[in-house]
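# Commentary on secondary and tertiary structure
What follows is the residue order along each chain.
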Amino acid sequence: MIKIIDPVTSVELVCLIIAIFFLSKDKQSFWTITLAYLAFVCCTEYFGQYIGAKYKNNLWVYNVFVFFEAGFISYGLYNCFKKYINPKPIFLISSIIIYTTYFAVFIKNGVFAFNSITVSVMSVIFVLYCLYYYYLLLRDEHLLDITYHSEFWWLTAVLFFYFGSTTSNLFFGLFKSIKIGPYPLTYAIYILLNWILYGLWAYSFICRAKQRKLQS
Amino acid sequence: MQSQTTQIAILVGISTLIFLLMPVFLIFYIKISIKYRKNHILEKTAIKQKFESEMLQTRVEVQDQTMQSIATELHDNVGQLLSLTTLTLNSVNLNDGEKARNKIDNSLALVNKSIKELRELAKLLHGEQLVENGIGHAIDQEINWLNKAGSYKLKVNNQLIDLQITSPNKDLIILRLLQEIINNIIKHAQATYIQIDSHLADHILHLRVAENGIGFNPEEPKSKKSGMGLNSIYKRIEMINGKLILNSTPGEGTSISIEVPYP
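Nothing here was measured: the structure is a model prediction, and the numbers come from that model. Every chain begins its residue count from 1, and numbering advances along the sequence as written. Labels follow written order: the first chain is A, the first ligand is 1, and so on. With the structure being a predicted model, the display of local features is reserved for residues of pLDDT at least 70 and the display and counting of side-chain atom pairs for 80 or more, all residues being used for whole-chain, interface and lining totals. Hydrogens and waters are ignored; side-chain quantities use all the structure's heavy atoms.

### Considerations on the overall build of chain A
Helix and strand assignments come from DSSP, with helices taken as H or I runs of at least 4 residues and strands as E runs of at least 2, each series counted from the N terminus. In terms of regular secondary structure, chain A is built from nine helices and two strands. Throughout, radius of gyration means the C-alpha value; the globule benchmark is 2.2 Å times the number of residues raised to the power 0.38. For 216 residues, the compact-globule formula gives about 17 Å, and the C-alpha radius of gyration of chain A, at 18 Å, lands near that figure. C-alpha atoms of chain A, sized along the principal axes, occupy 50 × 35 × 30 Å. The rule is simple: take the accessible area with a 1.4 Å probe, protein chains only, and divide by the maximum for that residue type; under 20% is buried, over 50% is exposed, in between is partly exposed. Buried positions account for 49% of the 216 residues belonging to chain A. Residue contacts are counted whenever heavy atoms from the two residues lie within 4.5 Å of one another. Contacts in chain A between residues far apart in sequence, at least 24 positions, make up 74% of those at least 6 positions apart. Taken as a whole, chain A presents about 10700 Å² of accessible surface, with 72% of it coming from carbon and sulfur. His is not counted, nor are the chain ends, whereas Lys and Arg count as positive and Asp and Glu as negative. Charge placement uses NZ in Lys and CZ in Arg. For Asp and Glu, CG and CD serve respectively. Averaged over its 16 positive side-chain charges, chain A has a centre that lies 7 Å from the centre of its 9 negative ones. Areas reported as accessible are Shrake-Rupley estimates using a 1.4 Å probe. Residue values count occlusion only from the protein chains shown.

### Here we look at the packing of aromatic side chains
All names here are of chain A. Between 30 and 60 degrees the pair is tilted, below 30 it is stacked and above 60 it is edge-to-face, where a pair is any two Phe, Tyr or Trp rings, Trp via its six-membered ring, whose centres lie within 6.5 Å. Counted under the stated rule, the structure contains 38 aromatic pairs over all chains. Between Phe-21 and Phe-22, the ring centres sit 5.0 Å apart and the planes meet at 85 degrees, which makes this aromatic pair edge-to-face. You can call Phe-21 exposed: its relative accessible area is 66%. Residue class for Phe-22 comes out partly exposed when judged on its relative accessible area of 23%.

### With respect to the pattern of salt bridges
All names here are of chain B. We define a salt bridge as a side-chain nitrogen of Lys or Arg found within 4 Å of a carboxyl oxygen belonging to Asp or Glu. Applying the stated criterion across every chain yields a total of ten salt bridges over all chains. For the salt bridge of Arg-236 with Glu-54, the shortest nitrogen-to-oxygen distance reads 3.0 Å. With Arg-236 in helix H6 (residues 228-239) and Glu-54 in helix H1 (residues 2-90), this pair connects stretches of sequence that are 182 residues apart. Take Glu-54: its relative accessible area is 9%, and that puts it in the buried class. When the shortest N-O distance is used, the salt bridge between Asp-197 and Arg-208 registers 3.8 Å. Of this pair, Asp-197 sits in strand S2 (residues 193-201) while Arg-208 is found in strand S3 (residues 204-211), placing the two residues eleven residues apart along the sequence. Among the residues examined, Arg-208 registers a relative accessible area of 33% and is labelled partly exposed. The network of salt bridges with common partners includes Glu-54, Glu-61, Arg-176, Glu-180, Lys-235 and Arg-236.

### A short note on the sheet that holds strand S4 (residues 243-248) of chain B
Residues and elements named next belong to chain B. Spatially, the five strands line up as an open sheet ordered S1-S2-S3-S5-S4, and their pairing is mixed. Across the chains shown, the open sheet's two edge strands, defined by having one partner strand only, are strand S1 (153-158) and S4. Pairs of neighbouring strands in the sheet enclose a mean axial angle of 10 degrees, with direction left out of account. Pairing of S1 with S2, which is carried by six bridges, proceeds in the parallel orientation. When DSSP finds two or more bridges between two strands, those strands count as paired. For helices, the fitted axis covers only the stretch in contact; all axes are lines through C-alpha atoms, and the angles between them, taken along N-to-C directions, range from 0 to 180 degrees.

### Concerning the side chain of Ser123(A)
Residues and elements named next belong to chain A. Inspection of the secondary structure assignment puts Ser-123 in helix H5 (residues 116-139). A residue is classified by how much of its surface remains accessible, and Ser-123, at 3% relative accessible area, is buried. Polar contact is the term for a pair of N or O atoms within 3.5 Å; when the atoms are in protein, one must be able to donate a hydrogen and the other to accept it, and sequence-neighboring residues count only if both atoms are side-chain atoms. For Ser-123, the side chain forms a polar contact with the main-chain oxygen of Val-119, separated by 2.7 Å. In this view, Ser-123 contacts Tyr-162, Ser-165 and Asn-169; residues no more than four positions away in its chain are not counted.

### Quick notes on helix H6 (residues 150-164) of chain A
In a regular helix each residue adds 1.5 Å, so 15 residues correspond to 21 Å; H6(A) covers 21 Å between its end C-alpha atoms and thus fits that length. When you tally the buried positions in H6(A), you get 15 out of 15 residues, the bulk of the element. Multiplying 1.5 Å by the helix residue count minus one yields the expected span of that helix.

### Digging into the domain arrangement of chain B
All names here are of chain B. Looking at the assigned domains, one finds that chain B contains domain 1 (1-133) and domain 2 (134-263). Taken together, the contact between domain 1 and domain 2 spans 20 residues of the former and 19 residues of the latter. Summed over both partners, the accessible surface that disappears when two parts come together, traced with a 1.4 Å probe, is what is meant by buried area. In total, domain 1 and domain 2 occlude about 2000 Å² of area from one another, counting both sides; carbon and sulfur atoms represent 62% of this. Linking domain 1 to domain 2 there are five residue pairs in polar contact (both at pLDDT 80 or more). Taken together, the elements giving at least two residues each to the side of domain 1 that touches domain 2 come down to H1 and helix H2 (97-125). Top contributing element to the side of domain 1 that touches domain 2 by residue count: H1, with eleven residues. Grouping the constituent residues of the side of domain 1 that touches domain 2 by class yields seven nonpolar, five polar and eight charged. Bear in mind that the domain bounds are from an automatic or database domain assignment. Note that Gly is not counted as nonpolar here; it falls among the polar residues with everything else outside the nonpolar set of Ala, Val, Leu, Ile, Met, Phe, Trp, Tyr, Cys and Pro and the charged set of Asp, Glu, Lys and Arg.

### Things to note about the pairing of S4(B)
Residue and element names in this part refer to chain B. Residues of S4 alternate between two faces, with Leu-244, Leu-246 and Ser-248 buried on one and Lys-243, Ile-245 and Asn-247 left unburied on the opposite face. Relative to strand S5 (residues 254-261), S4 runs antiparallel, the two being bridged by six bridges. Note on S5: the bridge partner recorded for Ile-245 is Ser-257.

### Observations concerning the side chain of Asn58(A)
Here Asn58(A) shows up in the loop between helix H2 (29-55) and helix H3 (59-81). For Asn58(A), the side chain forms a polar contact with the main-chain oxygen of Gly48(A), separated by 2.9 Å.

### Looking at the interface of chain A and chain B
Across the boundary between the two partners, chain A contributes 28 residues, which contact 21 residues of chain B. Between chain A and chain B, the buried area comes to about 2200 Å², and carbon and sulfur atoms account for 82% of it. For the chain A face of the interface with chain B, the top three residues by lost area are Leu138(A), Leu143(A) and Phe163(A), together amounting to 29%. Across the chain A-chain B interface, the total number found is zero salt bridges. For the pair chain A and chain B, the interface holds three residue pairs in polar contact (both at pLDDT 80 or more). Elements with a contribution of two residues or more to the side of chain A that touches chain B: H5, H6, helix H7 (166-170) and helix H9 (185-215) of chain A. The element best represented in the side of chain A that touches chain B is H6(A), accounting for seven residues. Considered class by class, the residues forming the side of chain A that touches chain B number 19 nonpolar, five polar and four charged.

If you want it as structure tokens, here you go:
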């Protein structure tokens with residue numbers, strides 16, 4: 001049975017609504033793609049639920065999603081970095097590492113086993129990128145007001161999500177059996193991380209709208 | 001088994017929390033760091049603005065001092081000479097050829113003296129640009145005017161005349177400091193003898209002005225805040241990272257030594 005509102009989908013939906021409200025008029029390709037990605041996230045959640053209800057194993061849906069997630073987050077980070085350095089070489093290398101792992105695990109374990117190794121690899125890479133971005137930000141002569149800096153908060157959300165999920169990714173198989181209330185432990189952590197990720201993204205959209213208003 | 005599972009769950013929960021706290025600390029660190037750097041930049045800008053404003057003030061004061069000297073000179077010297085010339089020429093009796101010739105010669109001498117004085121004045125007008133020729137020349141010019149007044153016995157040892165290096169901002173401030181010190185001597189010291197020494201050693205410019213005036217208690221002007229001249233001297237000297245040593249005893253005169261890193 002599909003749940004329209006559950007702890008994860010609700011925050012994703014709220015974030016999508018905020019994105020539609022604040023980003024739909026944005027001309028910059030990154031924010032337009034963000035809006036499309038959020039719509040894709042919501043569709044994936046509901047489709048995943050539908051497949052889960054019908055065929056029991058819906059992991060292949062999330063495996064496909066990981067492919068797009070890695071692409072979108074890499075693109076977002078690339079967008080943040082290009083103000084400071086030429087990020088093409090490092091992002092080309094990281095993309096090769098992530099997608100090679102993805103397809104290698106995919107070939108080895110098949111489509112019905114969750115691709116947690118790729119998620120772990122990309123988590124480590126994204127965390128390192130976020131820390132590198134902070135380093136560039138601190139080294140830069142132009143001092144930003146980070147309180148309302150949309151890209152900073154978008155990237156910070158990514159850092160929270162992927163850094164916070166490190167433990168669950170590493171012990172993914174082990175924690176499925178441990179439950180907190182009605183949810184498995186990994187799912188409870190996943191809910192918390194999603195709230196942080198989409199909450200901070202929603203804030204970054206508001207900052208972006210404010211920034212756009214000031215520029216116009 | 002159940003307790004082991006609970007322990008693992010607690011461990012995972014705590015480690016996740018720790019992993020989440022790290023970005024929080026990072027955000028705070030970035031925010032504080034940016035705030036600190038912003039404040040530092042603001043402080044630097046304020047110091048720079050203050051320095052520029054002091055420089056402007058110094059330039060205006062040097063100009064004022066020059067104008068005052070010119071006004072005094074015109075009134076006391078050139079004006080008197082020309083008045084005397086007018087009087088002499090008015091009293092010329094053309095019927096008495098010999099006397100008339102003498103008076104006209106006297107008038108000519110007075111006019112020539114006026115021209116010479118005016119030339120000296122013109123030099124003073126260039127005095128503002130004098131610092132461009134070096135601090136040694138500027139000090140020399142200042143001493144010349146003091147000497148012209150004839151009220152003081154002067155002993156001068158200015159070794160900065162042939163100085164090849166310059167520092168326009170510091171030169172202007174040093175010249176102004178010297179003017180301020182001389183002004184204080186003229187106004188308050190009741191001195192009859194002034195000694196001025198200047199030289200450069202180990203990238204430090206030394207300027208010493210000593211006089212045999214009435215002297216004062218060096219602590220008094222600071223505590224009473226009445227010594228505007230001295231306060232201004234202290235402020236300017238700090239601005240160019242210099243040092244001022246003031247020695248004074250009531251009845252025994254005063255000496256002021258200035259040491260400024262140069263150039």
